[in-house]
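# Structural characterization, general
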Amino acid sequence: MTRSLKHALFGGATALAVALSLASTASAQSAPSPNAPPPPPPPAVNTQPPKAAPDMQMVLDALAGLGGKPIETLTPAEARLQPSAADGAKAVMAKKGMSTAPDPAVTTQDVPYGSDPKQFARIYKPAAARAGRAPMPVIVYYHGGGWVIADVDTYDAAPRAMSKALNAIVVSVEYRHAPEFKFPAQHEDAAAAYRWTLQNAASWGGDPARIALAGESAGGNLAVATAIYARDNGLTVPVHVVSVYPIANSSMTLPSRRDSANAKPLNGAMLNWFGNYYMKTKTDAQDPRLNLVAANLRGLPPTTIINAQIDPLRSDGETLAAAMRAAGDKVEQRTFPGVTHEFFGMAKVVRGAKDANDLAVTRLKAAFAAAPKKR
């Protein structure tokens, strides 16, 4: 079994939207153990999600063929062994005769930023990068997984593609997982990794003055929350933020909570499951680091928010964009039709993912070009 198989489903499960759904259950939050039993399922919602585009459906079918069990019925330890959406995409690639090996145009190195084994970063660099050349821009990237499952292996596709397309250093952050470490441990790790990157980027050939933040799902939340942290703590503010289907709104009545309650690979019951393990108490759902729409969003860098149509977190991104605009920030939000949570890393087999990747790369490239370069 590959290491990516051993780690999680769709970060998407990112779900601390969790918070949102969680608030609707009567169960207490879990014990801080990976073997803590799953919570009771929330009430069923009798809705059918929108139809997926044919290429997206091919990935969903391939994922179903890998025999994974419903995440919401498992313990965290069991869930971490399930096939991921990335595995579904790789299965489609293999069926098409495409290589599933990592692109050798980008090299990686794992470097610790803290004392816990989970506190490390995978540093992606273009293989053609040479010492002595102009410093490269830097992107700090946070993976998804609902802060409970998945890791930097599961979420390899996006940071690797960004490094190659932007000739940039990408720092993919691993962080401590819940329920062993509950909120706000992951936000603390995200901030620590950002500080550490600012301090060390130059030694890797990077330009800490041209730094951006990006993330998917739970990581999409961390990207915005870390931009807020940088603003409030006098750190170098990122030149741009790319937040892909972030957890951002703890309302239980958002449109996507209903119309995509039975979507795949992320559904409403999984949001409840993630929240049970991630939060210490249900009141954590209202913390502005999780409920980003209630945070002080003024003065944040230009932000691109990417969402999938068939995703219970779709409304999170849409309402976050509205809140950021109301705060005076420059923000672009786009919902891609016919695709699901976790689509962003599937650019090789899903057209909507390629379009979303192209948007992110275009916005980051423009932001790096406009920023003063280190001499």
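Keep in mind that what you see is a predicted model, and the values were worked out from it rather than measured. (Residues numbered from 1 in each chain as written. Predicted model: local features only at pLDDT ≥ 70, side-chain atom pairs only at ≥ 80, totals over all residues. Heavy atoms only, no water.)

Before going further, it helps to spend a moment on the side chain of Asn 357. Structurally, Asn 357 can be placed in helix H11 (residues 351-370). At 2.9 Å, the side chain of Asn 357 and the backbone oxygen of Phe 344 are in polar contact. Setting aside its immediate chain neighbours within four residues, Asn 357 contacts Phe 344 and Ala 347. (Helix = DSSP H or I, 4+ residues; strand = E, 2+ residues; numbered from the N terminus. Polar contact = N/O pair within 3.5 Å; in protein donor to acceptor, adjacent residues only side chain to side chain. Contact = heavy atoms within 4.5 Å.)

A few words on the packing of helix H5 (residues 157-166) against H11. As a packed pair, H5 and H11 sit with axes 11 Å apart at the nearest point and diverge in direction by 50°. For the element pair H5 / H11, the angle class is oblique. For the pair H5 and H11, the sense of crossing is right-handed. Between H5, through Met 162, Ala 165 and Leu 166, and H11, the contact on the second element is made entirely by Val 361, Leu 364, Lys 365 and Phe 368. Partitioned by chemical class, the residues of the contact of H5 with H11 number six nonpolar, no polar and one charged. (Axes fitted to C-alpha atoms, helices over the stretch in contact; angles between N-to-C directions. Parallel < 35°, antiparallel > 145°, perpendicular 65-115°, else oblique. Left-handed = near helix turned anticlockwise from the far one by under 90°. Nonpolar A, V, L, I, M, F, W, Y, C, P; charged D, E, K, R; others polar.)

Geometrically, the link from Phe 183 to Pro 184 is a cis peptide bond, its omega value of 10° lying close to zero. The topology assignment puts Pro 184 in the loop between strand S4 (169-173) and helix H6 (185-200). Between Lys 264 and Pro 265 the backbone carries a cis peptide bond, its omega angle lying at 5°. Relative to the elements of secondary structure, Pro 265 occurs in the loop between helix H8 (255-259) and helix H9 (268-278).

Our focus in this paragraph is the pattern of salt bridges. If you walk through the whole model with that rule in mind, you get 17 salt bridges. Linking Arg 122 and Asp 110 is a salt bridge whose minimum nitrogen-to-oxygen distance equals 2.7 Å. Placement of Arg 122 in strand S2 (residues 120-126) and of Asp 110 in strand S1 (residues 106-112) is noted, with a sequence separation of 12 residues between them. Classification of Arg 122 as buried rests on a relative accessible area of 9%. The shortest N-O distance in the salt bridge between Arg 334 and Glu 332 comes to 3.0 Å. Look at Arg 334 and you get partly exposed, because its relative accessible area is 35%. What makes Glu 332 partly exposed here is its relative accessible area of 22%. Look at the salt bridges and you will find they share partners, linking Asp 110, Arg 122 and Asp 153 into a network. (Salt bridge = Lys/Arg side-chain N within 4 Å of Asp/Glu carboxyl O. Buried < 20%, exposed > 50% of the residue type's maximum accessible area, 1.4 Å probe, protein only.)

Glancing now at the pairing of strand S7 (residues 303-310). Taken across its eight residues, S7 has seven buried, putting it largely inside the fold. Bridging between strand S6 (residues 241-244) and S7 involves four bridges; their strand directions are parallel. Its bridge partner lying in S7, Val 242 is registered against Thr 304. In this sheet, strand S8 (residues 331-340) lies alongside S7 in parallel orientation, the contact comprising seven bridges. By the bridge assignment, Ile 306 is partnered in S8 with Arg 334. (Pairing = 2+ DSSP bridges.)

Between its first and last C-alpha atoms H6 spans 22 Å; for 16 residues at 1.5 Å apiece the expected length is 22 Å, and the two agree. Among the residues making up H6, those that are buried are Ala 185, Gln 186, His 187, Asp 189, Ala 190, Ala 191, Ala 193, Tyr 194, Trp 196, Thr 197 and Leu 198. (Expected span 1.5 Å × (residues − 1).)

Here the focus is the environment of Ala 369. By secondary structure assignment, the location of Ala 369 is in helix H11. Sequence-wise, Ala 369 and Thr 75 are 294 residues apart; in three dimensions their C-alpha atoms are separated by 46 Å.

Contact pair H6 / helix H7 (residues 218-232): the axes reach a minimum separation of 9 Å and the direction vectors enclose 60°. Between H6 and H7, the interaxial angle falls into the category oblique. Considering how the two elements wind past one another, H6 and H7 form a crossing that is right-handed. Each of Gln 186, His 187, Ala 190, Ala 191, Tyr 194 and Arg 195 in H6 lies in contact with H7, whose residues at this interface are Asn 221, Leu 222, Ala 225, Thr 226, Tyr 229 and Ala 230. Residues belonging to the contact of H6 with H7 are distributed by class as follows: seven nonpolar, four polar and one charged.

No statement about biological role is implied by the geometric values presented.
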